[in-house]
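Residue-level structure breakdown
Next come the chains, spelled out residue by residue.
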Amino acid sequence: MKKAAAAVLLAFLLGLPAFLFFWNENRSPQRDDASRDKLTEKRKHDLQQGAAWPMFHGGQRLLGSTSDALPDELSLYWKFKTGGEVASSAALCDGRAYVGSEDGNLYALDLASGQEIWRFSAEDAIESSPCVLDGAVYVGSSDHYLYAIQAADGALKWKYKTGNRILGGVNWVRLQGENCPYILVGSYDKKLHCVNSETGKPEWIYATDHYINGAPAVRGDFVVIGGCDNMIHIVSDKNGEVVARVNAGSYIAASPVFEGNRVYIGQFVGEFLCIDAFTREILWRYEGKEPIFSTAALIGDRLVFGGHDKNLHCLNTKTGEPIWMFRTRAKIESSPAIAEDKVIVGSDDGRLYLVRLSDGKELWSYEIGAPISSSPAAAYGRVVVGSEDGNVYAFGPKID
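Counting of residues starts from 1 at the beginning of each chain's written sequence and follows it residue by residue. With pLDDT at 70 or above as the cut-off, local features in this predicted model cover only qualifying residues; side-chain atom pairs require 80 or more to be listed or tallied, and sums for whole chains, interfaces and linings still use all residues. In computing side-chain properties, one takes all heavy atoms of the structure into account and sets aside hydrogens as well as water.

**Section: the environment of Ile368**
When you line up the elements, Ile368 lands in the loop between strand S30 (362-367) and strand S31 (377-379). Relative accessibility thresholds used throughout: buried, under 20% of the residue-type maximum; exposed, over 50%; partly exposed, between the two (1.4 Å probe, protein chains only). You can call Ile368 buried: its relative accessible area is 14%. Along the sequence, Ile368 and Ser387 sit 19 residues apart, while their C-alpha atoms lie 7.8 Å from each other. The contact definition used throughout considers only heavy atoms, calling two residues in contact when any of these lie within 4.5 Å. Ignoring sequence-local partners within four residues, the contact set of Ile368 consists of Gly350, Ser387, Asp389 and Tyr393. By the criteria applied, helices consist of DSSP H or I runs no shorter than four residues and strands consist of E runs no shorter than two, each listed in order from the N terminus.

Right under this line is the structure:
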C-alpha cells in the first residue's frame, strides 16, 4: 500500500508541471482575447483619423498618394481568406475595406479586425477595384457586369451589362447641373461606359479599337483612358466625345495618372510617357526595356512605378529624369502607393516592400510567399493588399 501510495504521489508530482502548463495554456487565450480586444479598440479609434482611400489609387486623378504618414516598420494586423486569388485593390472607407476576389465575391471587411461584414456574389471573378461613393459600392466583374451595391448591407442596387469582362477599376464624374454622380468603367468590349449611378442606365459610351484594361482617370471636365489599341484617349465627361487621341507606341495595360494638364502612363514595350492633355504633345519619355503594367503614384515632383524588369522606378515629374531604382526579385505589376515620404508596393516575388521616397532605400518588407499583383491601399495609417494566395492582408503601426 505504501509503495502504491508513493507511486501515486510520484506520478502526481511528475504530472504537476504538465498540469500547470496546460492550465496556463487554457488560461492564456483569455488574456490574449482581452489584449486583442484592447488592440482592436485602439485601432478603431485610430481609424477615425486621416483620409479615406475610396477607390483604385485613392481618388479620381489616380495619383496613388496620401498625406497620411506610415512608420518605418509595419505589423500584420489581420489577414482574411477568400476562395480565390486577390488581384482586386481594396477601397478603404468608413472603417471598412471593400475588395474583390477571383472567387466571384466582393467582400466588405471590418478594417479594425478583418471580420467579414457582408459579401456580394457575382457570376464570375472580380478583379476590378471597387469605388465607394454616396453609400454605394461600384465594381466590375468578369461576368461582363458593372454592379452597384448598397454599402450598408451588400444588397444589389442595380447591374449594368457591358459586352465583355471588366478588369479595371471604377471611377466617377459629377456632371454640371446633375445631382447624382455618373460611374465610369472600361471593358474588354473596347468601350468606356458612363452610367447613371441612380438608375444604372448609360449616359454615353465611347468606343476604342481594342480592350480597355485599366481604370479611367478624371480631372475637371476630362476623362483619360489608356487602351490596348496603343492610344491614350482624352474625352469629354459631358458626352463622351473625343478631345484628343495620342499614340503611345504600344498597347497600354496600366491606368493613367492625370495631374494638372499632364497625363503620365507606361506601356508594353517599357516606355513611360508624359503627355500634355491639351496640346497632345509628348513632353518626355523614359526608355525602359520591359513591359509596364503598374500605374504610377505621384506626389510633388516624384513619380514612382513598377516594371517587369523587377525594378521600382522613381522619376522627376517635370523632366522624366531617373532619381532612383529599387530592385525586387521578380516583376512588379502592383501599382505603388505613396504615403507622405514612403512608398509601399508588392512584387511577384511574394513580398510587400516599404521604401523611402527620397532615395529608394528599403525600410521594411513582409514575405507573403505568393505573388502580389493587387495594388496597396493606404489610409488611416493602414495598408491593405491582396495576394495570389487568396488572402487580404492589413498592416499598421506597431502597438505595444
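Following the structure, the description resumes.
**Regarding the sheet that holds S31**
We treat two strands as partners when DSSP finds at least two bridges between them. Taken together, four strands build an open sheet; the order of strands is S2-S33-S32-S31 and the sheet is antiparallel. A strand with exactly one partner marks an edge of an open sheet, and here the two such strands are strand S2 (75-81) and S31. Going from strand to strand, the sheet's axes swing by 20° on average, the running direction of each strand aside. Axis lines are fitted through C-alpha atoms, for helices just across the contact stretch, and the angle between N-to-C directions can take any value from 0 to 180 degrees.

**Considerations on the pairing of strand S21 (residues 272-276)**
Within S21, five of the five residues are buried, which leaves the element mostly enclosed by the surrounding structure. Every second residue of S21 is oriented toward a common face, with Phe272, Cys274 and Asp276 on one face and Leu273 and Ile275 on the other, all of them buried. Pairing analysis gives five bridges linking strand S20 (residues 262-266) to S21, with the strands arranged antiparallel. Bridge pairing in S21 places Arg262 opposite Asp276. Following S20, the chain reverses through five residues before pairing antiparallel with S21; Gly270 in that reversal takes a positive phi of roughly 105°. The pairing of S21 with strand S22 (residues 282-286) spans four bridges and is classified as antiparallel. Within S22, the position partnered with Phe272 by the bridge is Tyr286. Hairpin connection from S21 to S22: five residues lie between these consecutive antiparallel strands, with Arg280 at a positive phi of about 70°.

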